[in-house]
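What follows is the residue order along each chain.
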Amino acid sequence: MTDSDVTKNGVRGERAGREATPAGPGPGGTSAERSGPAAGKTDRKRRRGKRRGEEPMVPRAEFGSYYGRPVIKAPGWEATDIAGYFFAGGLAGAGSVLAAGAQLSGRPTTAKAMKLSSLAAVTASTAALIHDLGRPERFANMLRVFKPTSPMSVGSWLLAAYGPAAGAAAVLETTGRLPRINTAATGTAALLGPVVAAYTAVLAADTAVPAWHEAHRELPYLFVSSATAAASGMALVTAPVRENAPARRAALLAAAGEAAAVRLKRRRLGMIAETYERGKAGKLMRAAELLTAGGALGAAVLGRRYRSAAAVSGLALLVGSACTRFGVFHAGVASAEDPAYTVVPQRERRERRAAEAAARVAGGAGGDSGARDGQDGQHG
């Protein structure tokens, strides 16, 4: 190799290695001559410009959890215990309200029937809760402390206060003794009844289960409407036709309230609403809609004349209410087992909050710019 074989671009006929610095002419001289801070800044700007103009070579990755495992633990409760607890508690609470109304309006047969059904329902509800806890003493242990921030603690104390009142009202109504105490017990049960019917919705929404937690706004209205439908159905089954007018009106209101709550829930929950429309939960929720609407219409049209029609409509309302509670339970289990229902809504909320924050920052910057322009105009 001679001196003539060496050029400014390297050895003639050989490819430059990684450590070679190719030179090139330019307004400021060769690149070797322009290897100071200004050249580094120019190169960085050029690279950033290229990155901004590049399109992604692969689509955005779809969600997938670690080995496809759930992000949260699915509820380990038995459907018969918890969904039955929801249904029986709602029937008892709403039934006490109808019993008080029947007693005040001079409908003794309806009042007695609803007091007895409320006692039976709250007994079944407490039994289901104790069976789920595993040991009876665990329910007593929950009464050792009262925590207003804990729905379970509040619910335990509600049952402890409501149960004796409903029991006293039913026993005294059956025996006919102590009418004043009977009236006081009936009123106490009626005051606590709506809370007993609604607090199970708060209890479910306080968990991390997506289908329950995300529906925390609509779930109490859904549970109260479903409880009213069940109590109305019980009154239609047990009361004579001449006394079932309040039950028929309550059934119509309950059916309308339940339908509105379900529609609002579907509209607001987004992808989580799928858990209420698919699988076992979807079948139960569709059956609940048909049974509740059919029972309310049947009671309004035929229940005022025919005892058999009123009884059939009442049974439809009772079964529809039970289907609602079991449907909500199975929707919660399905949403907990699929990790997408936990992570995807969280991502969407995070992105939405980031976009809102960026919009606020942009709006504030625009306002400051407009204020400065106004001040400049005034000075001009």
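Residues numbered from 1 in each chain as written. Predicted model: local features only at pLDDT ≥ 70, side-chain atom pairs only at ≥ 80, totals over all residues. Heavy atoms only, no water.

## Observations concerning the overall build of the protein chain
Alright, step 1. In terms of helices and strands, the protein chain carries 12 helices and 2 strands.
Alright, step 2. When the helices and strands of the protein chain are read in sequence order from the N terminus, they spell out β-β-α-α-α-α-α-α-α-α-α-α-α-α.
Alright, step 3. Counting all 380 residues of the protein chain, 41% fall into the buried class.
Alright, step 4. Looking at the protein chain alone, contacts between residues at least 24 apart form 75% of all its contacts between residues at least 6 apart.
Alright, step 5. Summed over its atoms, the accessible surface of the protein chain is roughly 21900 Å², and 59% of this surface lies on carbon and sulfur atoms. (Helix = DSSP H or I, 4+ residues; strand = E, 2+ residues; numbered from the N terminus. Buried < 20%, exposed > 50% of the residue type's maximum accessible area, 1.4 Å probe, protein only. Contact = heavy atoms within 4.5 Å. Areas by Shrake-Rupley, 256 points an atom, 1.4 Å probe, with all protein chains shown as cover.)

## Quick notes on a positive patch on the surface
Alright, step 1. Taken together, the side chains of Arg 347, Arg 350, Arg 352 and Arg 353 present a region of like positive charge at the surface.
Alright, step 2. Mapped onto the elements, Arg 350 comes out in helix α12 (residues 340-379). (Patch = residues over 30% accessible without salt bridge, like charges linked within 9 Å, V, L, I, M, F, W, Y side chains within 5 Å. Salt bridge = Lys/Arg side-chain N within 4 Å of Asp/Glu carboxyl O. Lys, Arg positive; Asp, Glu negative; His and termini not counted. Charge placed at Lys NZ, Arg CZ, Asp CG, Glu CD.)

## What to know about the pattern of salt bridges
Alright, step 1. All chains considered together, the criterion is met by 5 salt bridges.
Alright, step 2. The closest approach of N and O atoms between Arg 268 and Glu 218, which form a salt bridge, is 2.7 Å. Placement of the pair is Arg 268 in helix α9 (residues 245-269) and Glu 218 in the loop between α7 (210-213) and α8 (219-238), with a sequence separation of 50 residues.
Alright, step 3. Taking relative accessible area as the criterion, Arg 268 reaches 33% and is therefore assigned partly exposed.
Alright, step 4. Glu 218 sits in the buried class, given a relative accessible area of 7%.
Alright, step 5. Linking Glu 277 and Arg 266 is a salt bridge whose minimum nitrogen-to-oxygen distance equals 3.8 Å. Linking Glu 277 in the loop between α9 and α10 (279-301) with Arg 266 in helix α9, this pair joins segments that are 11 residues apart in sequence.

## A closer look at the nonpolar core
Alright, step 1. Counting 68 residues, the largest nonpolar core has Tyr 85, Leu 91, Trp 212, Leu 219, Tyr 276 and Val 328 as the members making the most contacts within it.
Alright, step 2. Per element, the largest residue contribution to this core is 11 residues, and it comes from helix α2 (residues 79-104).
Alright, step 3. Contacts of Val 328, omitting those with residues within four sequence positions, involve Trp 212, Leu 219, Leu 222, Phe 223, Tyr 276 and Met 285. (Core = buried A, V, L, I, M, F, W, Y, C linked by side-chain atoms within 4.5 Å.)

## Quick word on a nonpolar patch on the surface
Alright, step 1. Judged by side-chain polarity, Val 301, Leu 302 and Tyr 306 come together as a nonpolar surface patch covering roughly 300 Å² of accessible area.
Alright, step 2. Since its relative accessible area comes to 40%, Leu 302 is described here as partly exposed.

## Structural notes on the side chain of Arg 107
Alright, step 1. Along the chain, Arg 107 turns up in the loop between α2 and α3 (108-133).
Alright, step 2. From its side chain, Arg 107 meets the backbone oxygen of Glu 243 in a polar contact 3.4 Å long.
Alright, step 3. The residues contacting Arg 107, other than those within four sequence positions of it, are Ala 102, Glu 243, Ala 245 and Pro 246. (Polar contact = N/O pair within 3.5 Å; in protein donor to acceptor, adjacent residues only side chain to side chain.)

## Observations concerning empty space enclosed by the protein
Alright, step 1. Tallied over the full model, the rule gives 1 cavity of 30 Å³ or more.
Alright, step 2. Around the largest cavity, the lining residues are Ser 96, Ala 99, Lys 115, Ser 118, Ala 166, Ala 169, Thr 186 and Ala 189.
Alright, step 3. The set of elements that each furnish at least two residues to the lining of the largest cavity consists of α2, α3, α5 (151-175) and α6 (179-205).
Alright, step 4. Of the residues that constitute the lining of the largest cavity, the class distribution is 4 nonpolar, 3 polar and 1 charged. (1 Å grid on protein atoms, 1.4 Å probe; cavity = no way out; pocket = protein on both sides within 12 Å on 5 of 7 lines; lining within 4 Å. Points joined across faces, edges and corners; volume = space filled by probe spheres on them. Nonpolar A, V, L, I, M, F, W, Y, C, P; charged D, E, K, R; others polar.)

## Examining unusual backbone geometry
Alright, step 1. One non-glycine residue, Leu 178, lies in positive phi territory at about 50°.
Alright, step 2. Its location among the elements puts Leu 178 in the loop between α5 and α6.

## A look at the environment of Phe 86
Alright, step 1. Considering the arrangement of structural elements, one finds Phe 86 in helix α2.
Alright, step 2. Accessibility expressed as a relative area gives 2% for Phe 86, which makes it buried.
Alright, step 3. Taking the C-alpha atoms as reference, Phe 86 lies 8.4 Å from Phe 223; in sequence the two are 137 residues apart.
Alright, step 4. Dropping the residues within four chain positions of it, Phe 86 is found in contact with Thr 200, Ala 204, Phe 223 and Arg 325.

## Thoughts on the packing of aromatic side chains
Alright, step 1. Evaluated as defined, the whole model comprises 4 aromatic pairs.
Alright, step 2. When the centroid spacing of 6.0 Å and the interplanar angle of 40° are considered together, the rings of Tyr 85 and Phe 86 count as tilted. This pair shows no difference in class: Tyr 85 is buried, exactly as Phe 86 is.
Alright, step 3. Judged by centre distance (6.2 Å) and plane angle (85°), the ring pair of Phe 146 and Trp 157 falls under edge-to-face. Placement of Phe 146 in the loop between α4 (136-142) and α5 and of Trp 157 in helix α5 is noted, with a sequence separation of 11 residues between them.
Alright, step 4. Of the residues examined, Phe 146 reaches a relative accessible area of 48% and is grouped as partly exposed.
Alright, step 5. Residue Trp 157 is classed as partly exposed on the basis of its relative accessible area, which comes to 35%.
Alright, step 6. Among the aromatic residues, those joined into a cluster by ring pairs are Tyr 85, Phe 86 and Phe 223.
Alright, step 7. Just above the ring of Tyr 276 sits the side chain of Lys 265; from NZ or CZ to the centre is 3.6 Å.
Alright, step 8. Positioned above the aromatic ring of Phe 223, the side-chain terminus of Arg 325 is 4.4 Å from the ring centre. (Phe/Tyr/Trp six-rings, centres within 6.5 Å; stacked < 30°, edge-to-face > 60°. Lys NZ or Arg CZ within 6 Å of the ring centre and 35° of its normal.)

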